[in-house]
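Survey of secondary and tertiary structure
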Amino acid sequence: MAARASTLQERPAPPHGPRGPSGEGGGSGRDGDGVVQPVSPARIAVWLFVGTVTVLFAAFTSTYLARRGGPGWTDVPLPSILWLSTAILAISSGVLEWARRAGRAGDVGGLRRGVTLTTILGIGFLAAQLAAWRQLVAAGLYLSSNAHSSFFYLLTGAHGLHLVGGIAALLYTVRKVYRAHEPGEALAVTDPTATFWHFLGILWVYLFILLFWI
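So, here is what we can say about the structure in this document. (Residues numbered from 1 in each chain as written. Predicted model: local features only at pLDDT ≥ 70, side-chain atom pairs only at ≥ 80, totals over all residues. Heavy atoms only, no water.)

Bringing helix H6 (residues 183-212) into the picture now. Note that an α-helix has 3.6 residues per turn; residues three or four places apart therefore point the same way. Compared with an ideal rise of 1.5 Å per residue, which puts 30 residues at 44 Å, H6 spans 42 Å between its outermost C-alpha atoms and is within 8% of the ideal. Where H6 bends most, the angle comes to about 30°, and this point is Thr 190, followed within four residues by the proline Pro 192. Burial within H6 is extensive, with 23 of its 30 residues counted as buried. (Helix = DSSP H or I, 4+ residues; strand = E, 2+ residues; numbered from the N terminus. Expected span 1.5 Å × (residues − 1). Bend = angle between axes of the 7 residues up to and from the residue. Buried < 20%, exposed > 50% of the residue type's maximum accessible area, 1.4 Å probe, protein only.)

Taken N-terminus to C-terminus, the directions of helix H5 (residues 147-179) and H6 make an angle of 165°; their axes are 10 Å apart at the nearest point. When the interaxial angle is binned, H5 and H6 end up roughly antiparallel. In this structure, the crossing between H5 and H6 has a hand that is left-handed. The class makeup of the residues in the contact of H5 with H6 is 20 nonpolar, 9 polar and 1 charged. (Axes fitted to C-alpha atoms, helices over the stretch in contact; angles between N-to-C directions. Parallel < 35°, antiparallel > 145°, perpendicular 65-115°, else oblique. Left-handed = near helix turned anticlockwise from the far one by under 90°. Nonpolar A, V, L, I, M, F, W, Y, C, P; charged D, E, K, R; others polar.)

This brings us to the pattern of salt bridges. Applying the stated criterion to the full structure yields 3 salt bridges. Across the pair Asp 191 and Arg 43 runs a salt bridge, and its minimum N-O distance is 3.7 Å. Of this pair, Asp 191 sits in helix H6 while Arg 43 sits in helix H2 (residues 41-67), and the two are 148 residues apart along the sequence. Classification of Asp 191 by relative accessible area gives buried; the value is 13%. Here Arg 100 and Glu 97 are joined by a salt bridge, their closest N and O atoms 3.2 Å apart. Of this pair, Arg 100 and Glu 97 both sit in helix H3 (residues 81-104), 3 residues apart, which is roughly one turn of the helix. Exposure remark for Arg 100: the relative accessible area of 10% places this residue in the buried category. Through salt bridges with shared partners, a single ionic network connects Arg 43, Glu 97, Arg 100 and Asp 191. (Salt bridge = Lys/Arg side-chain N within 4 Å of Asp/Glu carboxyl O.)

Okay, here's the thing in structure tokens:
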């Protein structure tokens, strides 16, 4: 019996798997230092919304491709300012990613500046999109002019509405980041917003290609 007890005491304990914030497995991830980080409700909500928007634009795409080339279809000329608006949105995503990296490095000031600049660039993108609409109106192309112009206004308008929501999220993030005292506190609100903003940038590039290059 003594030998058996000694054997049981020397046997190593089994390793524990990843554990969540409540000590239970699952529902969490690990950061670069191996520290368990819970998945925030804001991040889950953003990904659910991204999925919903993706389904919406997939339906738009299906209708567009079915209608393209049919009776009454006349290609809309590419408004030149769309190149500028696309560049602005791409730069805004790059600036926001730089801001997140600054926050992870402990530079709260850099994070604040980056989020603020991203917001300004987002507003600039919307202004450029409105200018693109004016270019088409000046060329005599309206929502009801033909099928292609109808889809252009519909798709860019739907994207613009979601981008307005993204700018509102950025403004909220700016407010929170300037009140935060710790990088982790600032990143907690910045990361979900960045996910949605990057998604909007990818969605715009997709729409740009769909409307004028496919």
